Amino acid sequence: MNKSSIVKIHNALVVTLQGEIDDRTALELQQEILQSVIRYQVSGVVIEISQLDLVDSYMARILSETARMIKLMGAETFLAGLRPMVAVTIVEMGLNIDGVKTALNLEVALEVLKGGR
Amino acid sequence: MILGQESYALWLSALQKTSWVTRGSLNPQETERLGKDLVEGISSTVITGSLSASLKKTLEDISIIGVRSGFTPSETAQFVFSMRPYIGDILHTKDYTHVMTLLDEAGLYTFETYLKTREEIIVNQRQDLLELSTPVIRLLDGILAVPLIGTMDSRRTQQIMEKLLNMIVETGAPLTILDITGVAIVDTLVANHILKTAAAVRLLGGNLIITGLSPSIAQTMVHMGVDLSSVITRAVMADGIALALDMLEKEIVKKQQPGNQVKETK
């Protein structure tokens with residue numbers, strides 16, 4: 001089940017990924033995120049994935065691609081709240097998450113976006 | 001059931017004089033109990049022709065005591081083999097070959113369990129050592145330090161990585177200093193492990209500073225064509241700490257009053 005949400009806070013979009021996300025939902029989410037960037041005119045997107053137990057190669061690619069798309073639209077993307085085991089899996093599998101900045105948690109990411117650093 | 005009580009008593013008294021009892025690994029009562037179990041086990045084995053579960057259990061007990069007491073494998077097996085001259089009479093049997101074969105089998109079984117017990121101990125110790133040798137230190141507010149000592153294999157790297165990542169999430173520290181001064185050999189494999197750790201830390205939103213790259217390590221890295229440019233490196237840990245403070249926009253200043261104290265300014 002997909003319980004993900006997209007919320008606008010100040011000048012940023014906060015996307016919380018939750019529950020099981022299959023390939024189709026991932027693509028739908030990507031669509032929705034991109035639409036929301038336009039609609040809310042935000043300067044940054046924070047994708048919060050602390051609720052995800054698993055990031056497979058497809059998910060990693062989607063994340064990386066989404067970040068590049070957002071970049072093209074002139075906004076920044078932050079990945080926040082990766083779990084240690086997820087990070088280890090991504091590194092061990094040699095997955096590439098290019099173009100995405102990471103932050104320890106949502107708070108840090110929002111602060112960085114607000115500070116314009 | 002023990003038939004040859006006389007021979008049995010002789011064997012027991014012989015057993016009491018071995019290092020098992022004289023060195024205090026077993027008290028006379030325990031020796032008697034194990035001896036009794038052993039003879040009963042062997043006598044039932046003579047009928048069935050294979051080592052019974054209860055006999056195996058007795059033999060395992062003997063091996064474990066042997067390992068714990070620091071006996072050699074031969075000394076441990078001696079507990080069983082000391083029965084050789086007596087076993088025929090104890091069991092009232094004339095079929096020596098059959099009994100001896102079984103006794104040998106029992107003796108070899110202690111050998112096997114001896115090794116197995118030893119290995120278990122070694123595995124446990126290795127685990128302990130791993131945990132002891134990979135501390136993650138909270139150096140200053142927002143800075144973690146990991147001093148690596150010894151050899152870096154994939155298992156250790158994995159463990160360090162897990163421990164470090166958990167600590168980063170727990171403390172929210174944006175910077176980690178990984179010191180490799182104490183790593184005996186730094187080769188491509190180790191470099192790879194370091195790069196992996198750095199990548200994982202970055203995924204969490206942290207940053208890794210590698211310190212302790214001595215001239216010789218720097219030379220090896222360049223000669224082997226290892227690209228460490230994606231991570232920040234420094235020669236000594238002090239430089240790493242200074243850099244970390246700089247990155248956090250903090251500094252250590254001298255106190256005005258007599259006596260020095262670490263103070264952070266933002």
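Residues numbered from 1 in each chain as written. Chains lettered and ligands numbered in written order. Predicted model: local features only at pLDDT ≥ 70, side-chain atom pairs only at ≥ 80, totals over all residues. Heavy atoms only, no water.

Student: Explain the overall build of chain B to me, and be specific about the residues and the numbers.
Tutor: Of regular secondary structure, chain B possesses 11 helices and 5 strands. Expected size for 266 residues packed as a compact globule is a radius of gyration near 18 Å; at 31 Å, chain B overshoots this value by more than 25%. Overall, chain B is about 90 × 50 × 30 Å in size when its C-alpha atoms are taken along their principal axes. Classification of the 266 residues of chain B by burial places 40% in the buried group. In chain B, the proportion of contacts linking residues at least 24 apart, taken out of those at least 6 apart, comes to 70%. Charged side chains of chain B number 24 positive and 29 negative; the gap between the two group centres comes to 5 Å. (Helix = DSSP H or I, 4+ residues; strand = E, 2+ residues; numbered from the N terminus. Rg over C-alpha atoms; globule rule 2.2 N^0.38 Å. Buried < 20%, exposed > 50% of the residue type's maximum accessible area, 1.4 Å probe, protein only. Contact = heavy atoms within 4.5 Å. Lys, Arg positive; Asp, Glu negative; His and termini not counted. Charge placed at Lys NZ, Arg CZ, Asp CG, Glu CD.)

Student: I'd like a rundown of a nonpolar patch on the surface, residues and numbers included.
Tutor: There is a patch of nonpolar side chains on the surface, built from Ile38(A), Leu72(A) and Met73(A) and spanning about 330 Å² of accessible area. Position of Leu72(A) among the secondary structure elements: in helix α2 (residues 57-72). (Patch = residues over 30% accessible without salt bridge, like charges linked within 9 Å, V, L, I, M, F, W, Y side chains within 5 Å. Areas by Shrake-Rupley, 256 points an atom, 1.4 Å probe, with all protein chains shown as cover. Salt bridge = Lys/Arg side-chain N within 4 Å of Asp/Glu carboxyl O.)

Student: An account of the packing of helix α1 (residues 5-16) of chain B against helix α6 (residues 84-91) of chain B is requested, with residue identities and associated values reported.
Tutor: Residue and element names in this part refer to chain B. At a minimum axis distance of 8 Å, the contact between α1 and α6 shows a crossing angle of 155°. Regarding the angle of α1 to α6, the classification is roughly antiparallel. Considering the relative orientation of α1 and α6, their crossing is left-handed. Of the residues in α6, those touching α1 at Ser7, Tyr8, Leu10, Trp11 and Ala14 are Tyr86, Asp89 and Ile90. Taken together, the residues of the contact of α1 with α6 break down into 6 nonpolar, 1 polar and 1 charged. (Axes fitted to C-alpha atoms, helices over the stretch in contact; angles between N-to-C directions. Parallel < 35°, antiparallel > 145°, perpendicular 65-115°, else oblique. Left-handed = near helix turned anticlockwise from the far one by under 90°. Nonpolar A, V, L, I, M, F, W, Y, C, P; charged D, E, K, R; others polar.)

Student: Describe the pattern of salt bridges, listing the residues and the values that go with them.
Tutor: Residues and elements named next belong to chain B. Under the counting rule described, the total for this entry stands at 11 salt bridges over all chains. The salt bridge partner of Glu170 is Arg138, with a shortest N-O separation of 3.8 Å. Of this pair, Glu170 sits in helix α8 (residues 154-171) while Arg138 sits in strand β1 (residues 137-140), and the two are 32 residues apart along the sequence. Under the relative-accessibility criterion, Glu170 is labelled exposed at 58%. For Arg138, a relative accessible area of 54% corresponds to the exposed category.

Student: Could you give an account of the pairing of strand β3 (residues 44-48) of chain A, with specific residues and numbers?
Tutor: Both faces of the sheet carry side chains from a regular strand, because those side chains alternate between them. All names here are of chain A. Taken across its 5 residues, β3 has 5 buried, putting it largely inside the fold. Here β3 shows a buried face lined by Gly44, Val46 and Glu48 and a second buried face lined by Val45 and Ile47. What joins strand β2 (residues 12-16) to β3 is helix α1 (residues 23-40), and the crossover it makes is right-handed. Relative to strand β4 (residues 76-80), β3 is paired through 5 bridges, and the arrangement is parallel. Bridge assignment links Val45 to a residue of β4, and that residue is Thr77. Handedness of the crossover joining β3 and β4 through α2: right-handed. (Right-handed = clockwise from strand over helix to strand, strands pointing away. Pairing = 2+ DSSP bridges.)

Student: I'd like to hear about the packing of aromatic side chains, residue by residue, with values.
Tutor: Residue and element names in this part refer to chain B. Per the stated rule, a full pass over the model turns up 2 aromatic pairs over all chains. Taking the centre distance of 6.3 Å and the plane angle of 45° together, the rings of Tyr8 and Trp11 count as tilted. Placement of the pair is Tyr8 and Trp11 together in helix α1, with a separation of 3 residues, close to one helical turn. With relative accessibility at 0%, the residue Trp11 sits in the buried group. The interplanar angle of 90° and the centroid separation of 6.5 Å between the aromatic rings of Trp11 and Phe79 together place this pair among those described as edge-to-face. Of this pair, Trp11 sits in helix α1 while Phe79 sits in helix α5 (residues 73-81), and the two are 68 residues apart along the sequence. Among the aromatic residues, ring-to-ring pairing joins Tyr8, Trp11 and Phe79 into one connected group. (Phe/Tyr/Trp six-rings, centres within 6.5 Å; stacked < 30°, edge-to-face > 60°.)

Student: Provide a residue-level description of a negative patch on the surface, including the pertinent values.
Tutor: On the surface, a cluster of negative charge is made up of Glu20(A), Asp22(A), Asp23(A) and Asp56(A). On the accessibility criterion, Glu20(A) (66% relative accessible area) is exposed.

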